[in-house]
Amino acid sequence: MKNSTARKIVRRVEYTPYPWILDHVVLRFEIGDDTTRVLSRLHIRRNDACAPAADIDLDGQDMELISVSLDGLPLDDSGFTKTSEQLLIHDAPASCTLEIEVQIEPLKNTTLTGLYPSGDFLLTQCEAEGFRRITYFPDRPDVMSRYEVTLVADKARYPVLLSNGNSVGSGEFEGGRHWVRWDDPFAKPSYLFALVAGHLSFIEDQFTTTSGRNVTLRVFVEPENLDRCDHAMESLIHSMKWDEDRFGLEYDLDIYNIVATNDFNMGAMENKSLNIFNSKYVLARPDTATDLDYQGIEGVIGHEYFHNWTGNRVTCQDWFQLTLKEGLTVFRDQEFSSDMHSRAVKRIRDVRALRSRQFPEDAGPMSHPIRPDKYIEINNFYTMTVYQKGAEIIRMYHTLLGEDGFQKGIRLYFQRHDGMAVTCDDFMAAMADANGVDLGRFGRWYGQSGTPELKVSSSYDADAKIYTLHLSQVTPSTHDQSNKQPLVIPVAMGLLSKDGHALPLRLQGEQEGTGSSRLLVLDEEQQSFVFEGVEERPIPSVLRGYSAPVKIDCPYSTAELAVLMAHDSDAFVRWDSAQLLSQREILGNVSRLVEGAEPVLAPELVDAYDALLADLDSDPGLVAEALALPGEDYLAEVMPVVDVDGIHAARKFVKSGLANALQQQFLQRYTDMCTDQVYSKDPVSMARRSLKNICLSFLLETASGEGLAEAQLAGSDNMTDTLAALQGLVWVEAPAAETALQSFEHQWRDDALVMDKWFSIQASIPGEHAVGRVKTLLDHPGFSISNPNKVRSVIGVFSMMNPTGFHTADGSGYRLHADQVIALDSLNPQMAARMTGAFNSWTRYDENRRNLMRTELKRIAAVQNLSPDVSEIVSNAIGMDKNNK
Ligand SMILES: [Zn+2]
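Every chain is numbered independently, its residues counted from 1 as its sequence is written. Local features in a predicted model are, by the rule used here, given only for residues with pLDDT of at least 70; side-chain atom pairs are given and counted only at 80 or more, and totals for whole chains, interfaces and linings are based on all residues. Computation of side-chain values covers all heavy atoms of the structure but excludes hydrogens and water.

Here we look at the packing of aromatic side chains
Logical step 1: Here a pair means two rings of Phe, Tyr or Trp (six-membered ring of Trp) with centres within 6.5 Å. Their orientation is stacked below 30 degrees between planes, edge-to-face above 60, and tilted elsewhere. Per the stated rule, a full pass over the model turns up 36 aromatic pairs.
Logical step 2: Seen from their ring centres, Phe759 and Phe783 are 6.4 Å apart, and the 70° between their planes marks the pair as edge-to-face. Placement of Phe759 in helix α19 (residues 752-763) and of Phe783 in the loop between α20 (770-778) and α21 (788-801) is noted, with a sequence separation of 24 residues between them. Each member of the pair Phe759 and Phe783 is classed as buried.
Logical step 3: In textbook terms, an aromatic cluster arises when at least three aromatic residues are bridged by ring pairs, as seen for Trp242, Phe247, Tyr251, Tyr256, Tyr305, Phe306, Phe331, Phe336 and Phe406.
Logical step 4: In this analysis the charged atom, NZ for Lys or CZ for Arg, is taken to sit over a ring once it is within 6 Å of the ring centre and within 35 degrees of the ring normal. Lying across the ring of Phe186, Lys272 places its NZ or CZ 4.2 Å from the centre.
Logical step 5: Its end group placed over the ring of Phe698, Lys655 keeps NZ or CZ at 5.3 Å from the ring centre. Helix numbering and strand numbering both begin at the N terminus, where a helix is a DSSP run of H or I of at least 4 residues and a strand a DSSP run of E of at least 2. Buried, partly exposed and exposed residues are distinguished by accessible area as a fraction of the type maximum, computed with a 1.4 Å probe on protein chains only: under 20%, between the cut-offs, and over 50%, respectively.

What to know about the environment of Phe80
Logical step 1: For Phe80, the location among the structural elements is in strand β7 (residues 80-82).
Logical step 2: Counting along the chain gives 24 residues from Phe80 to Ile56, while the straight-line C-alpha distance between them is 9.3 Å.
Logical step 3: Contacts of Phe80, omitting those with residues within four sequence positions, involve Leu65, Val68, Leu75, Leu87, Leu88, Ile89 and His90. Here a residue-residue contact requires only that any non-hydrogen atoms of the pair lie within 4.5 Å.

Here's the deal with the sheet that holds strand β21 (residues 274-278)
Logical step 1: When DSSP locates at least two bridges between a pair of strands, those strands are taken to pair. In space, the 5 strands of this open sheet follow the order β17-β18-β19-β21-β20, with mixed pairing throughout. Edge positions in the sheet fall to β17 (201-208) and β20 (268-269), since each has one partner strand and no second.
Logical step 2: Pairing between strand β18 (residues 214-221) and strand β19 (residues 255-261): 5 bridges, direction parallel. When the bridges of β19 are listed, Arg218 appears paired with Asn257.
Logical step 3: Between the N-to-C directions of two axes lies an angle of 0 to 180 degrees, each axis being a line fitted to C-alpha atoms and, for a helix, fitted only over the stretch in contact. Across the sheet, helix α1 (residues 230-247) lies against β17, β18 and β19, angled at about 25° from β17, the strand it touches most.

With respect to the nonpolar core
Logical step 1: Judged by nonpolar contacts, the single largest core of 273 residues is most densely connected at Phe29, Phe193, Tyr397, Phe427, Phe531 and Leu627.
Logical step 2: The element best represented in this core is helix α5 (residues 384-417), accounting for 13 residues.
Logical step 3: For Leu627, the contacting residues outside a window of four places in its chain are Tyr609, Leu612, Leu613, Phe666, Leu691, Ile694 and Phe698. Residues belong to one nonpolar core when they are buried, are Ala, Val, Leu, Ile, Met, Phe, Trp, Tyr or Cys, and are joined through side-chain atoms within 4.5 Å.

Remarks on the side chain of Thr124
Logical step 1: Mapped onto the fold, Thr124 is located in strand β11 (residues 121-125).
Logical step 2: Not counting residues up to four positions away in its chain, the partners in contact with Thr124 are Gly114, Leu115, Tyr116, Ile134, Phe193, Ala194, Leu195 and Ile276.

Some details on the coordination of the zinc ion
Logical step 1: In this analysis a donor is any N, O or S atom within 2.8 Å of a metal ion (3.2 Å for sodium, potassium and calcium), and since water is not included, sites may seem incomplete. Protein coordination at the zinc ion: the donors are His303 (NE2), His307 (NE2), Glu326 (OE) and Glu326 (OE), at 2.0 to 2.7 Å from the metal.
Logical step 2: Considering all 4 donor atoms around the zinc ion, the spread of angles at the metal, 54 to 152°, places the coordination shape in the irregular class.
Logical step 3: Judged by relative accessible area, which is 0%, His307 ranks as buried. Here the metal geometry follows the donor angles, with tetrahedral for four donors whose angles all fall between 85 and 135 degrees, square planar for four and octahedral for six when opposite donors are more than 155 degrees apart and every other angle is between 65 and 115, and irregular for all the rest.

Describing the sheet that holds strand β8 (residues 86-89)
Logical step 1: Strands sit in the order β4-β8-β7 across an open sheet of 3 strands; the sheet is antiparallel. Each edge of the open sheet carries a strand with a single partner, namely β4 (56-59) and β7. Adjacent strand axes in the sheet meet at a mean angle of 15° when their direction is disregarded.
Logical step 2: Relative to β8, β4 runs antiparallel, the two sharing 4 bridges. Among the inter-strand pairings, Asp57 is bridged to a residue of β8, identified as Leu88.

A closer look at the confidence of the model for the chain
Logical step 1: With 99% of its residues at a pLDDT of 70 or more, the chain shows a mean pLDDT of 97.
Logical step 2: Within the model, pLDDT remains below 50 along residues 1-5, and this stretch shows 13 contacts once partners closer than five positions in the same chain are excluded. Confidence per residue, as judged by the predictor, is encoded in pLDDT with a range of 0 to 100.

Looking at the pattern of salt bridges
Logical step 1: By definition here, a salt bridge exists when the distance from a side-chain nitrogen of Lys or Arg to a carboxyl oxygen of Asp or Glu is within 4 Å. Following the criterion strictly, the structure yields 65 salt bridges and no others.
Logical step 2: The partner of Glu172 in a salt bridge is Lys155, and the shortest N-O contact between them spans 2.5 Å. You can see Glu172 sitting in strand β14 (residues 166-172) and its partner Lys155 sitting in the loop between β12 (145-154) and β13 (160-163), a full 17 residues away along the chain.
Logical step 3: Taking the relative accessible area as the measure of exposure, Glu172 reaches 56% and is therefore exposed.
Logical step 4: Linked through salt bridges whose partners overlap, the residues forming this network are Arg246, Glu335, Asp339, Arg343, Arg395 and Glu403.

A few points about the packing of helix α10 (residues 603-614) against helix α14 (residues 663-673)
Logical step 1: Orientation of α10 relative to α14, taken along the N-to-C sense of each, is 20°, at an axis distance of 10 Å. On the basis of their axis angle, the class for α10 and α14 is roughly parallel. Pair α10 / α14 crosses with left-handed handedness. Contact residues: Tyr609, Asp610, Leu612 and Leu613 in α10; Gln665, Phe666 and Arg669 in α14.
Logical step 2: All amino acids are sorted into three groups, where Ala, Val, Leu, Ile, Met, Phe, Trp, Tyr, Cys and Pro are nonpolar, Asp, Glu, Lys and Arg are charged, and the leftover types, Gly among them, are polar. A per-class count over the contact of α10 with α14 returns 4 nonpolar, 1 polar and 2 charged. Every angle not falling under 35 degrees, over 145, or within 65 to 115 is termed oblique; those three ranges are roughly parallel, roughly antiparallel and roughly perpendicular. Each crossing gets its handedness from the near helix: less than a right angle anticlockwise from the far helix is left-handed, clockwise is right-handed.

Right, dumping it as structure tokens:
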């Protein structure tokens, strides 16, 4: 089952259309005890738009070929050529029927792509290139066909048999076997194929679309989880309604199925009418799932549902266009969540994730534009850049064109391309044509990697009352590209007086001022914007709503940040000013610690926090976001050479200083937020819990914290409060922590999803003992390296969310991690590659750590039969070396 490491680079410019058209695909799966036989009948004709091809070229991996026949006549060895990844049918006529029978062994498949087992059932994951592990097929997104699928299996062992489309027949055979036939009327690429077979229970509901179609909705889970599906179902119904209301898009079949599995490499998969989900994004009950879990479920259910139009009805021509469906669909799910909850809180969380996880990607060895130009293993390009930065690019279309203009563009996009496989250029053309605008220069965002830096400076002429805002941009060269061009950067802004009032805005040339907020567009290297009639030197408020995915450099004084934080009309700017203030404070203390000086806490920061805690008018969810100090990952991102221990110590000093200086205020807000009598999952209750628990995390730095956390843990009726208290106790190494962990384990040891939380809490405990603790967790009977959720909650959390543990100066964290990557690679290369990414920023550390990480990267690179997945990541990372000598 080993892949060859010598896979070649695939390049975007080398795209050619497939020379054959497959109108109709008939599949029959004979599911047996150990093996499954797959019979396919492909109706093939020449694609007249292409130069005629002599052979039909099909992809296929890890399967046994039983027979091939062409127009009913069996082919012998001379009629085809088979390699480890291909089947070539020679001398095919212009139109033919090809029948292929193969045998696969799903129970031995540990890669979690293709057909594989989970618990008592079988399921598929085909995106991006999993279908080629099921049968020989042109496994590329631009080959779209109608599928008819018959599933045959033992009825007692596999009572539920699902595939895409509508169920059109079923029956039984003697000997206990039964069959179900599915017909999908919509042409689709192979990556959207799905099948599920096994013992599953379901809950059911109905949705009637605007035009009156009745849709049956089902959520399938393993029988013991049936009481945890309601929130997923509710989220699906909300998504369907929202897509009709906001985008005018309706569902197009009579059935919509969701299946939850514990064994999944990703979050979920949008297969036509048969979504398959990581159970983490389906199962929820107040005592098992946190508020973030609830919101995550709603967001991911929405995301996969929205793909039915943006991804399935219109799909990607090739995998370089992945952001066409992902950037757009992430934008849609962000908007859905924003309309369902607090828009400002959603925006802040998305920006936080972008800055702490996508910015490092842009600056690291895997840097790539949202539409990459080359790859070795496409699975390595399901990245923050393609998804989250891609969504930011879509958001900028929305900012520039407005909601109406954006929706006009979307309508034209579907009018032109429904049922087709297209490119990012097609999307941009629809947006431009629908609005009669030229988006040529905007298109550079698709091809340029790296995070642009927006520099802001200003000058004020008091006599003439003229204020000039100078904006300039530069995108630093990246590992994959050296020459960068200026981009189109929408800058939403306003001006504030020094006491915090919004000033009216009149740009030079305008007769009269309008409003106090503007959208400036920077599309050169530098531009100046002149405002007239400005009565006093203003404080600029720039990048409101985070109007572009850039780093901002504006020389604010502490006093100016305090004004913005307290008074700006834009919630994002208020939050960002608070972050910048704390960031300066923490980084200042990192320097002091390096110099051997005593750390200090600036009174301005204490005052700012005091004001935040006294703000009873704002949404508690927003106050919670503003109180949360910048994470160690983001602080690392803004330091030239990462000082892991310094960041940790300085951040802890600032947190503890604030907590002790404002203990009464934190306690007061905490107590105020504790008055909810019964648990509810409405947005207001969630916001109150988030403020309560951020206050608790500060209070845990004071003498009263442990008592409060113990009481909260004892009295909690929901996982949000339980986990906040438990995590707090564990992280401050409270005497009660060990017992609390044990009783949590005792209560939840048979619950895989809840145990993931127990593992994560411990894998993230900072400090030098982390390595030893993680080794113990890896030996725990509840841990399994073949389960991605477990891998993420122990190995992933340790390597990516526990900087002082992973980067222990003796290199033991790196060694442990490399051992896990190597073990994982032989089972699940895709997961192994993701975990290898923890080493991606290795050149940003001190010399000792750099040497230690390079040693581990080289050790991984030397493993025999290393997968192309891991090999691509490692060789890019080692390639960073030349930039750092
Ligand atoms: Zn998606």
